[in-house]
Amino acid sequence: MSENTLDNPGLRLRASYHHVNREDEVNFGFWVFLMSDAIIFGLMFATYASMRHATAGGPGPTQLFDIGSVAIQTGALLLSSVVYGMASLAMKYGSGCRSVIAWLVLTLLLGLTFLGFEVHDFLTMFAAGGGPDRSGFTSAFFGLVPLHGLHVTSGCLWMVVLIVQMLRYGIDDDVRLGVQRLALFWHFLDIVWIVIFSLVYLGGLA
Amino acid sequence: MSLTQFIFGRLDLHSLPFWAMIEHPTLQNIVNGVIATGAASLVVIGAIATVALITYFGQWRYLWTEWLTSVDHKRIGIMYICIAFVMLARALIEAALMRTQQAFGLGGGFLSPHHFGELFTTHGTIMIFFMAMPFLIGLINIVMPLQIGTRDVSFPVMNSVSLGLTMAGAAIVMISLVVGRFSTGGWSGYPPYTEITFNPGVGPDYWIWAVSLSGLGTMMTGINFAVTIYKRRAPGMTLMRMPLFTWAALCTSILMIFAMPPLTVATLMLACDRYLGFHFFTNAAGGNMMNFANLFWLFGHPEVYILILPAFGVYSEVIPAFSGKVLYGYTSLVLATMAIAILSFAVWLHHFFTMGQSAAVNATFGIATMLIGLPTGVKIYGWMLTMFRGRIRFTVPMVYSLAFMMLFVIGGLSGIILANPSIDYQVHNTLFLVAHFHNMLIPGLLFGMLAGYHFWFPKAFGFRLNERWGMASALCWIFGFMFAFFPLYAAGLLGFPRRTVAYYNPIYVPYFAIAEFGALLVLTALACLVVQFVVSVVQRRENRVPAGDPWNANSLEWSVACPAPDYDFAVLPEVTARDAFMVAKEHGTAYLAPERFTDIEMPRNSPLGFILCVTGSCAAFGLVWHMWWLVALAMLATVGAMIWHGFVRDYEHIIPADEIRRDYMRWLQVVTAADPVARDEELVPRNTGLADVHETLEAAE
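Residues numbered from 1 in each chain as written. Chains lettered and ligands numbered in written order. Predicted model: local features only at pLDDT ≥ 70, side-chain atom pairs only at ≥ 80, totals over all residues.

1. Things to note about the overall build of chain A
- Counting secondary structure elements, chain A contains six helices and zero strands.
- The N-to-C order of helical and strand elements in chain A reads α-α-α-α-α-α.
- Across its three principal directions, the C-alpha atoms of chain A cover 60 × 35 × 25 Å.
- Within chain A, buried positions represent 37% of all 206 residues.
- Put simply, of all contacts in chain A between residues at least 6 apart along the chain, 78% involve residues at least 24 apart. (Helix = DSSP H or I, 4+ residues; strand = E, 2+ residues; numbered from the N terminus. Buried ≥ 20, exposed ≤ 12 C-beta atoms within 10 Å, placed from the backbone. Contact = placed C-beta atoms within 7 Å.)

The structure is reproduced here in structure tokens:
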């Protein structure tokens with residue numbers, strides 16, 4: 001196991017030759033997937049930027065966004081990344097199943113907090129006549145931000161599955177790979193959120 | 001909502017292809033109804049016959065364990081190519097139907113405009129997403145792992161999932177023949193025409209979900225191949241020692257990773273517009289249809305190179321093999337391949353020069369487009385110089401390659417013409433464009449795929465294909481293509497718009513008559529391919545090549561038996577040079593038994609790919625027909641299956657070293673007993689797959 005464990009799940013371009021290192025290979029594959037996913041977000045951002053002013057006489061950012069709620073979401077998500085980092089460290093230094101699970105549950109709770117506030121915001125927007133069918137601007141918003149939310153939701157589901165796997169198998173190679181990949185995914189979503197926060201919310205209200 | 005509506009959504013009797021002609025029996029309705037019903041019956045009868053035959057021969061278990069759940073890259077590749085051939089047959093018949101309509105289209109013809117619209121939409125959609133893509137992915141699947149000296153791709157189960165999603169997309173297109181009507185919006189599905197306002201029917205929905213499914217599968221394939229090539233190369237197989245086909249596979253995979261997401265984004269945005277009332281591309285409320293054109297071609301142009309690069313790779317293997325040389329200018333060809341892959345992201349705007357952006361923008365993209373001619377030219381010269389002073393044999397793959405080199409240059413020149421925005425304004429949307437891209441894709445893609453099919457068929461199945469019928473087919477393809485599309489250049493310059501069902505000026509008739517003859521020749525080519533396959537299977541005993549190297553070729557895939565064993569390599573090869581197998585043959589080390597065999601870990605079968613194929617097609621069908629219960633059920637099953645897969649732990653099985661030694665020694669006996677053949681005799685039954693090394697050495701000197 002020790003020779004098979006990497007220091008970190010970073011992006012490694014070199015070939016592994018003689019012995020295919022499964023951990024290296026799987027993590028690299030996930031990095032490549034994230035690049036592909038980043039293209040999707042990039043295009044949604046571009047669409048949003050090009051439709052930002054296509055409000056068609058409907059409500060714009062100032063009428064629709066609630067910066068207080070968004071600030072709480074941002075705090076919850078950023079904090080959840082730190083907590084996930086603790087889970088990764090706990091796994092790396094062999095602190096045992098229970099502490100990894102504890103950190104993951106905390107991450108999950110923060111993720112769910114984020115989602116709760118986000119859904120609340122969406123419902124408020126609907127009520128204010130700013131649903132996706134209102135204008136090009138709201139369409140672009142609801143194409144981009146809930147897409148991120150959907151990613152967070154699948155990340156939460158994945159976390160639950162990993163916790164159940166851990167309870168059943170302990171931290172075996174597959175769980176370890178799962179936790180490493182979910183970490184990449186979770187931090188990636190954090191970065192995407194930072195761009196959403198700056199471009200959509202701060203940019204819209206500025 | 002009534003119960004029937006809940007269960008069937010908007011599916012009712014009007015969805016059947018013969019209903020219109022029963023309700024309104026006009027002549028045109030009857031003609032179109034009979035054609036559509038005939039096509040639908042073919043699908044239904046074909047499906048029933050397949051099921052009946054499998055049941056009759058009791059092969060369900062075999063099909064399930066050896067194919068549908070298999071994660072062996074070679075079998076997955078073969079299944080991909082099977083999809084490609086079935087879909088090729090359908091789309092080719094549709095093409096011939098369109099040519100016939102236009103040949104008789106003076107003053108009306110026999111097809112209704114709606115039927116014609118469906119034909120050009122399905123033809124394009126199928127040829128790109130369900131013929132070309134499965135064909136090239138299939139070939140890469142079979143060949144690439146063997147070329148780099150590994151036993152499987154990095155993610156074998158994901159490979160099978162990719163296949164499943166492609167299969168689901170193809171199934172949705174086939175189902176659209178039987179119930180409902182496909183989109184009439186062309187393979188590029190431009191809104192606002194495909195928006196709900198103008199197209200409330202199921203057609204665009206069929207298109208959206210078929211394309212989305214296959215796009216998702218292709219994206220995963222790209223990741224899989226790229227990671228395999230980066231991480232699984234045999235010891236010593238540095239990047240600059242990889243065969244050019246593998247280089248092409250790598251570039252294509254990178255394009256898939258970055259170019260499939262725009263397609264997914266475009267189709268899903270259109271779906272949001274149609275299902276949820278979004279305004280991404282609508283005329284009203286701030287929608288912007290030009291954004292669709294941008295997104296679609298941000299995928300669409302790299303896609304052209306996703307299609308063509310693997311064919312370039314095939315030519316780069318076929319031409320050296322049948323010229324008895326190694327590839328000329330390897331490094332420059334690698335650089336050219338990479339240059340094409342990068343430039344392909346910088347030219348998408350040339351698909352809509354007429355959309356109204358400034359002259360400076362058009363000029364920039366026009367120049368970028370012309371630049372692609374440079375690396376492509378490098379490649380053509382590389383292949384020509386490979387042939388120079390070689391010992392060329394005019395086998396079927398070589399004939400395809402030669403036809404490609406001549407025809408592709410013509411197509412490329414018409415591309416340079418179109419790259420000039422001011423000329424493009426004149427010929428935009430005419431048959432000139434249609435002639436141009438068929439001129440690129442038939443020689444540039446299809447000929448390459450067919451050459452690869454003939455070249456590597458022995459590696460997959462252990463016997464050579466019949467040469468005579470293959471040659472007949474190749475000649476019919478080549479001349480059929482020329483007759484079918486060269487007249488369209490002229491008709492396009494005379495102003496004939498593409499996708500036009502009828503016309504009223506007799507000046508076009510002669511051009512369409514010639515094109516119709518070409519279409520018939522191409523149909524003959526398809527028939528010859530079918531006959532060739534049957535004849536080859538019947539004669540397989542005479543054409544076996546168990547020793548593994550029927551063409552005296554250069555790269556590692558020929559260093560193992562034909563067909564390749566499940567685990568590909570008994571012992572992973574050590575690579576010391578480019579064209580590793582040729583070097584080994586020259587040094588007499590190609591057939592040395594390894595000192596030590598070790599156990600091999602291989603992935604177990606997994607049903608996940610097939611499950612996702614079923615749930616994927618159910619979800620898509622439900623979405624098309626608004627059967628929400630089916631969508632919910634299929635989505636739940638999809639997520640459930642993926643979670644279940646996460647709990648699987650026992651996913652590898654061991655092949656014991658003794659078994660591998662036994663297989664290897666048996667093969668070595670075959671090799672020892674084989675009679676080495678010279679290159680000129682490779683088409684006679686005496687060729688059992690062992691090349692005459694003395695001749696190789698002579699050539700080396």
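2. Re the overall build of chain B
- Counting secondary structure elements, chain B contains 23 helices and two strands.
- Expressed along its principal axes, the backbone C-alpha trace of chain B runs to roughly 75 × 55 × 45 Å.
- Taking all 701 residues of chain B together, 55% fall into the buried category.
- Here the analysis covers contacts within chain B between residues at least 6 apart in sequence; of these, 82% occur between residues at least 24 apart.

3. Topic: the interface of chain A and chain B
- Opposite the 35 residues of chain A that make contact, chain B presents 34 residues.
- The dominant element in the side of chain A that touches chain B, judged by the number of residues it contributes, is helix α1 (residues 22-51) of chain A, at 15 residues.
- Its residues assigned to classes, the side of chain A that touches chain B comprises 19 nonpolar, 12 polar and four charged. (Nonpolar A, V, L, I, M, F, W, Y, C, P; charged D, E, K, R; others polar.)

4. Topic: the confidence of the model for chain B
- Averaged over all residues, the pLDDT of chain B equals 91, while 99% of them reach at least 70.
- This prediction of the complex comes with two scores: 0.93 for pTM and 0.91 for ipTM. (pLDDT = per-residue confidence, 0-100.)

5. Concerning the nonpolar core
- M131, I172, A226 and A620 of chain B are the most contacted members of the largest nonpolar core, which totals 272 residues.
- With near-sequence residues (within four places) excluded, M131 of chain B lies in contact with A84, M87, L88, A91 and I126 of chain B. (Core = buried A, V, L, I, M, F, W, Y, C linked by C-beta atoms within 7 Å.)

6. Examining the domain arrangement of chain B
- The assigned domain composition of chain B is domain 1 (1-58) and domain 2 (546-606 + 651-701).
- Summarising the inter-unit geometry, the C-alpha centres of domain 1 of chain B and domain 2 of chain B are found 50 Å apart. (Domains from an automatic or database assignment.)

7. Some words on helix α5 (residues 136-169) of chain A
- Compared with an ideal rise of 1.5 Å per residue, which puts 34 residues at 50 Å, α5 of chain A spans 49 Å between its outermost C-alpha atoms and is within 8% of the ideal.
- Phi for G170 of chain A, located one or two positions after α5 of chain A, is positive at around 75 degrees. (Expected span 1.5 Å × (residues − 1).)

8. Points about unusual backbone geometry
Residue and element names in this part refer to chain B.
- Of note, the bond from P191 into P192 is cis; its omega dihedral lies within 30 degrees of zero at 5 degrees.
- Inspection of the secondary structure puts P192 in the loop between α7 (156-178) and α8 (203-231).
- The step from C562 to P563 runs through a cis peptide bond, and the omega angle for that step is -10 degrees.
- Backbone geometry at N552 places phi at a positive 50 degrees, although glycine is not the residue there.
- Looking at the element boundaries, N552 is found in the loop between α18 (509-538) and α19 (580-586).
- A tally of 27 C-beta atoms within 10 Å means that N552 is categorised as buried.
- Positive phi outside glycine occurs at H626, with the angle close to 60 degrees.
- When you line up the elements, H626 lands in the loop between α20 (608-625) and α21 (628-646).

9. Looking at the environment of R499 of chain B
Residue and element names in this part refer to chain B.
- With respect to the helices and strands, the residue R499 is situated in the loop between α17 (467-493) and α18.
- Accessibility expressed as a C-beta count within 10 Å gives 17 for R499, which makes it partly exposed.
- As for R499 and F120, which are separated by 379 residues in sequence, their C-alpha atoms are 7.0 Å apart.
- Setting aside anything within four residues of it in sequence, one finds R499 in contact with F120 and G186.

10. A look at the confidence of the model for chain A
- Chain-level pLDDT for chain A is 88 on average; 90% of the residues reach the 70-or-more range.
- Within the model, the stretch residues 1-5 of chain A combines pLDDT values under 50 with three contacts to residues more than four positions away or in other chains.

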